[in-house]
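# Structural description and commentary
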Amino acid sequence: MSERPRRGAVHEHRAPADCPVCGDRLAVTRLGCGSCGTELAGVFTSCAFCALDASETEMLNVFLASRGNLRDLEKHLGVSYPTARLRFNQLLEKLGLAEPPAAPTALTREQVLAEVASGALGPEEAAALLADL
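Residues numbered from 1 in each chain as written. Predicted model: local features only at pLDDT ≥ 70, side-chain atom pairs only at ≥ 80, totals over all residues. Heavy atoms only, no water.

Positive phi is not limited to glycine here, since R67 has a value of about 55 degrees. Its place among the elements puts R67 in the loop between α1 (54-65) and α2 (70-77). By relative accessible area, R67 is classed as exposed at 76%. (Helix = DSSP H or I, 4+ residues; strand = E, 2+ residues; numbered from the N terminus. Buried < 20%, exposed > 50% of the residue type's maximum accessible area, 1.4 Å probe, protein only.)

Moving on, we come to the environment of T45. Within the secondary structure layout, T45 lies in the loop between β2 (39-44) and α1. Using a relative accessible area of 80% as the deciding quantity, one classes T45 as exposed. Separated by 17 residues in sequence, T45 and V28 have C-alpha atoms that sit 6.6 Å apart.

It is worth spelling out the nonpolar core at this point. Looking at soluble globular proteins, one finds that nonpolar side chains tend to be buried together. One finds L52, M59, L60, V62, F63, L70, L73, F88, L91 and L95 forming the largest nonpolar core, which totals 10 residues. Among the elements of the structure, α1, α2 and α3 (81-94) are those that each provide at least two residues to this core. Looking at this core, the element that brings in the most residues is α1, giving 4 residues. Beyond its immediate chain neighbours, meaning those up to four positions away, L95 contacts A48, F49 and L52. (Core = buried A, V, L, I, M, F, W, Y, C linked by side-chain atoms within 4.5 Å. Contact = heavy atoms within 4.5 Å.)

Attention now goes to the packing of helix α4 (residues 109-118) against helix α5 (residues 123-132). Between α4 and α5, whose axes approach to 10 Å, the crossing angle comes to 180 degrees. Relative to α5, α4 is oriented roughly antiparallel. Counted together, R109, V112, L113 and V116 of α4 and A126, L129 and L130 of α5 form the full contact between these two elements. For the contact of α4 with α5, a count of residues per class yields 6 nonpolar, no polar and 1 charged. (Axes fitted to C-alpha atoms, helices over the stretch in contact; angles between N-to-C directions. Parallel < 35°, antiparallel > 145°, perpendicular 65-115°, else oblique. Nonpolar A, V, L, I, M, F, W, Y, C, P; charged D, E, K, R; others polar.)

Any functional reading would require information beyond the geometric quantities listed.
In structure tokens:
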């Protein structure tokens with residue numbers, strides 16, 4: 001037999017951000033006071049951070065607690081630095097804070113050769129890039 005919550009007990013649940021039927025953004029239309037029972041109805045703006053899931057909220061908390069240190073975020077997530085940066089950029093995109101992608105800049109011959117020497121670029125890719133210069 002399940003216990004009923006006692007009067008005044010607070011059960012906090014994360015509200016969904018998107019409609020489970022059509023996928024559109026849900027609107028906050030009702031607010032209530034758990035203490036006195038007052039309710040307000042209308043269309044209220046929602047918090048951008050409320051759309052984050054638990055892991056995204058935790059990632060943001062770690063980033064803020066470390067004063068913006070991506071190395072600390074990398075250690076917390078247990079991933080490489082580029083992966084941590086990618087996940088953080090995805091979080092920024094979800095919050096609508098991502099910068100528009102910069103226009104790609106053309107590499108110089110020396111930069112292409114340096115990329116090949118470091119192993120970051122394969123010979124075929126390098127040949128194609130050098131042919132376009």
